[in-house]
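Descriptive analysis of the structure
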Number of protein chains: 2
Amino acid sequence: MSIGVRRRMGVEERRQQLIGVALDLFSRRSPDEVSIDEIASAAGISRPLVYHYFPGKLSLYEAALKRASEDLASRFAEPHEGPLGGRLLRVMRRFFDFVDEHGPGFSALMRGGPAVSAEGAGSQDHVSATHALIDSVRQAAYEQMLSHLGVTEASPRLELVVRSWISLVESTALIWLDGRRIPRAELEVQLVHDFAALAAVSAGYDADMAELVRTMAKDEPADGPFADLVGRLIALGS
Amino acid sequence: MSIGVRRRMGVEERRQQLIGVALDLFSRRSPDEVSIDEIASAAGISRPLVYHYFPGKLSLYEAALKRASEDLASRFAEPHEGPLGGRLLRVMRRFFDFVDEHGPGFSALMRGGPAVSAEGAGSQDHVSATHALIDSVRQAAYEQMLSHLGVTEASPRLELVVRSWISLVESTALIWLDGRRIPRAELEVQLVHDFAALAAVSAGYDADMAELVRTMAKDEPADGPFADLVGRLIALGS
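Residues numbered from 1 in each chain as written. Chains lettered and ligands numbered in written order. Predicted model: local features only at pLDDT ≥ 70, side-chain atom pairs only at ≥ 80, totals over all residues. Heavy atoms only, no water.

Concerning the packing of helix H9 (residues 184-203) of chain B against helix H10 (residues 207-218) of chain B
All names here are of chain B. Running from amino to carboxyl end, H9 crosses H10 at an angle of 145 degrees, the nearest separation of the two axes being 8 Å. Note on packing geometry: the crossing formed by H9 with H10 is left-handed. Counting all contacts with H9, which are made through Phe-195, Ala-199, Ala-200, Ser-202 and Ala-203, the residues of H10 involved are Met-209, Ala-210, Val-213 and Met-216. (Axes fitted to C-alpha atoms, helices over the stretch in contact; angles between N-to-C directions. Helix = DSSP H or I, 4+ residues; strand = E, 2+ residues; numbered from the N terminus. Left-handed = near helix turned anticlockwise from the far one by under 90°. Contact = heavy atoms within 4.5 Å.)

Next up, the structure:
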């Protein structure tokens with residue numbers, strides 16, 4: 001920290017700075033291991049001053065989580081142009097960028113939320129607030145998918161395919177973070193293929209799903225991420 | 001409750017009875033809504049006597065959860081005989097039986113654990129204990145899958161396919177419980193197909209996975225659950 005000329009920050013500006021500093025620390029190590037002292041030191045202010053802006057680590061954690069959720073949801077936005085496989089692949093890349101940037105914090109959160117023990121964390125309010133944020137991001141992902149599929153009212157089977165694929169994306173990212181033993185670029189393409197495969201399986205039970213999968217496949221270029229999947233499945237079956 | 005001739009139960013017998021009664025109540029409604037008074041009444045004993053065996057609702061909840069976990073893990077056991085698709089389908093049926101029997105409790109648990117607020121629930125120890133139990137069931141499912149696939153040391157890609165499919169099974173069950181708008185028998189077959197589809201997608205990146213999928217497909221009968229999947233995918237692609 002520069003200790004030279006320090007401009008006095010406004011309240012909201014200081015709050016935003018603290019959230020940014022905390023999010024950075026919570027992302028690089030498990031949030032349980034990050035102390036208020038560390039946050040204060042990284043922000044270049046005193047511990048009491050942190051408490052002046054946030055009643056405690058829990059509220060700072062929740063604010064950081066809110067910012068991360070908004071950041072993640074914003075990465076789902078993708079122009080409605082070109083084949084669906086390519087759009088989905090670009091979103092997967094941005095999702096893995098996010099996971100990469102926030103690895104330890106993302107893991108701790110998705111594995112049931114970190115302790116952030118001190119003042120009443122693990123309290124039911126905190127657990128509920130955390131889950132509500134995670135659910136809002138999942139819902140944003142779900143709505144983006146439907147809009148790209150050109151669907152306003154999802155059938156139960158389409159809803160199942162999209163929501164269960166979203167959970168597959170989450171678990172794939174968590175497993176990837178645990179050792180990073182598979183190149184992430186491969187997983188990004190694989191998850192696009194997985195969506196096509198899950199939709200195709202479900203299409204066997206539902207005429208609307210079958211129509212949707214046909215429409216998706218029709219738009220795909222020969223060099224797009226969907227292109228070789230069916231051929232590969234045929235090769236395996238022979 | 002019969003209030004006629006009541007045999008005096010031993011300590012362990014009484015504990016086991018209370019766990020069974022509690023598990024039944026926690027399964028039929030969200031655990032948050034179940035009171036110690038209700039458990040006492042259903043067991044035909046006084047509230048203080050419940051506290052004699054369990055310090056509180058939280059410890060009773062944890063004991064019930066432990067029994068449910070063991071029950072679920074036991075349902076994964078399947079003879080190593082016949083085609084893999086059929087084995088997997090029988091396991092999926094038993095899994096959905098379990099989900100059906102424990103619906104509200106299963107949902108509450110998997111959606112981040114119920115509050116079970118009273119004495120220090122949501123405490124970090126409780127959250128950790130709950131997650132450790134869930135993880136032990138996932139690990140049992142993972143090990144069963146590997147043993148049926150005839151693999152002792154999983155490659156990173158196989159591990160990813162199996163673990164991410166297990167999370168797909170969980171999320172599919174949770175989505176099913178929310179309204180039961182799709183027949184469960186359909187989802188049981190679909191999840192078997194999903195495993196084949198995810199394995200086939202991954203096989204595109206990994207020679208060992210491709211070999212494994214070929215072996216799986218070879219053993220399948222023409223009327224087994226894997227049988228029409230590839231044909232259906234081919235039909236969609238044409």
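Remarks on the side chain of Ser164(A)
Relative to the elements of secondary structure, Ser164(A) occurs in helix H8 (residues 156-177). The buried category is assigned to Ser164(A), whose relative accessible area is 5%. Within the local environment of Ser164(A), its side chain forms a polar contact with the backbone oxygen of Leu160(A), the two atoms lying 2.6 Å apart. If near-sequence neighbours (up to four positions away) are discounted, Ser164(A) is found in contact with Leu168(B), Ser171(B), Thr172(B) and Ile175(B). (Buried < 20%, exposed > 50% of the residue type's maximum accessible area, 1.4 Å probe, protein only. Polar contact = N/O pair within 3.5 Å; in protein donor to acceptor, adjacent residues only side chain to side chain.)

Some points on the packing of helix H5 (residues 84-101) of chain B against helix H8 (residues 156-177) of chain B
Between two packed helices, the angle of one axis relative to the other and the distance separating the axes together describe the packing. All names here are of chain B. With their axes 11 Å apart at the nearest point, H5 and H8 run at an angle of 45 degrees to one another. The angle between H5 and H8 falls in the class oblique. Crossing hand, H5 versus H8: right-handed. Along its contact with H5, which presents Leu-88, Met-92, Phe-95, Phe-96, Val-99 and Asp-100, the element H8 presents Trp-165, Val-169, Ala-173, Trp-176 and Leu-177. Partitioning the contact of H5 with H8 into residue classes produces 10 nonpolar, no polar and one charged. (Parallel < 35°, antiparallel > 145°, perpendicular 65-115°, else oblique. Nonpolar A, V, L, I, M, F, W, Y, C, P; charged D, E, K, R; others polar.)

Let's talk about the pattern of salt bridges
Counting across every chain of the model gives 44 salt bridges over all chains. The salt bridge involving Arg94(B) is made with Glu78(B); its shortest N-O contact spans 3.0 Å. Remark: Glu78(B) occurs in the loop between helix H4 (57-75) and H5 and Arg94(B) occurs in helix H5; sequence separation between them is 16 residues. Glu78(B) sits in the buried class, given a relative accessible area of 8%. When the shortest N-O distance is used, the salt bridge between Arg157(B) and Asp206(B) registers 3.4 Å. Here Asp206(B) lies in the loop between H9 and H10 and Arg157(B) lies in helix H8, a separation of 49 residues in the sequence. The burial state of Arg157(B) is the same as that of Asp206(B); both residues are buried. Salt bridges sharing common partners tie together Arg93(A), Asp97(A), Asp100(A), Arg180(A), Arg184(A) and Glu188(A). (Salt bridge = Lys/Arg side-chain N within 4 Å of Asp/Glu carboxyl O.)

Topic: the side chain of Arg75(B)
All names here are of chain B. Residue placement: Arg-75 occurs in helix H4. You can call Arg-75 buried: its relative accessible area is 15%. Within the structure, Arg-75 has its side chain in polar contact with the side chain of Asp-71 (distance 2.9 Å). Excluding anything up to four places from it in sequence, Arg-75 contacts Val-91, Arg-94, Asp-97, Phe-98 and Glu-101.

What about the packing of aromatic side chains?
Applying the stated criterion across every chain, the model contains 12 aromatic pairs over all chains. Ring centres of Phe95(B) and Phe106(B) lie 6.2 Å apart, and the angle between their planes is 75 degrees; on these two criteria the pair is classed as edge-to-face. One end of the pair, Phe95(B), is in helix H5; the other, Phe106(B), is in helix H6 (residues 103-110), and 11 residues separate them in sequence. Ring geometry for Phe98(B) and Phe106(B): centres 6.4 Å apart, planes at 85 degrees, overall edge-to-face. Here the two residues Phe98(B) and Phe106(B) agree in accessibility, since each one is buried. Joined through ring pairs, the aromatic side chains of Phe95(A), Phe96(A), Phe98(A), Phe106(A) and Trp176(A) make up one cluster. Across from the ring centre of Tyr142(A), 3.7 Å away, lies the NZ or CZ of Arg163(A), which sits over that ring. (Phe/Tyr/Trp six-rings, centres within 6.5 Å; stacked < 30°, edge-to-face > 60°. Lys NZ or Arg CZ within 6 Å of the ring centre and 35° of its normal.)

Focus on helix H4 (residues 57-75) of chain A
A rise of 1.5 Å per residue sets the reference length of H4(A), with its 19 residues, at 27 Å; its end C-alpha atoms lie 27 Å apart and thus fit the reference within 8%. Restricting attention to buried positions, one finds in H4(A) the residues Lys57(A), Leu58(A), Leu60(A), Tyr61(A), Ala63(A), Ala64(A), Leu65(A), Ala68(A), Ser69(A), Leu72(A) and Arg75(A). (Expected span 1.5 Å × (residues − 1).)

Here we look at the UniProt feature "DNA-binding region" (unreviewed entry) in chain A
Per the UniProt record, the feature "DNA-binding region" (unreviewed entry) sits at residues 35-54 of chain A. For residues 35-54 of chain A, the end-to-end C-alpha separation is 14 Å, with 75% helix and 0% strand making up the annotated structure. (UniProt positions renumbered as here; feature names shortened; annotations may be inferred.)

Here we look at helix H2 (residues 36-43) of chain A
Residues spaced three or four apart along an α-helix point in a common direction, a consequence of the helix completing one turn every 3.6 residues. Residue and element names in this part refer to chain A. Residues Ile-36, Ile-39, Ala-40 and Ala-43 constitute the buried set of H2. The arc that holds the buried residues of H2, viewed along the axis, is 100 degrees, so those residues lie on one side. Structurally, H2 contributes buried residues whose contacts are with helix H1 (11-28), helix H3 (47-53) and H4. (Arc of directions from axis to C-beta.)

A closer look at the environment of Val137(A)
Residues and elements named next belong to chain A. Along the chain, the position of Val-137 falls in helix H7 (residues 124-149). Using a relative accessible area of 12% as the deciding quantity, one classes Val-137 as buried. In the structure, Val-137 is positioned 68 residues away from Ser-69 in sequence and 6.3 Å away in space, judged by C-alpha atoms. With sequence-adjacent residues up to four places away left out, Val-137 is seen in contact with Ser-69, Leu-72 and Phe-76.

Quick word on the environment of Val21(B)
Residues and elements named next belong to chain B. Within the secondary structure, Val-21 is located in helix H1 (residues 11-28). A relative accessible area of 17% means that Val-21 is categorised as buried. Taking the C-alpha atoms as reference, Val-21 lies 6.3 Å from Ala-43; in sequence the two are 22 residues apart. What Val-21 contacts, discounting residues up to four positions off in sequence, is Ile-39, Ala-42 and Ala-43.

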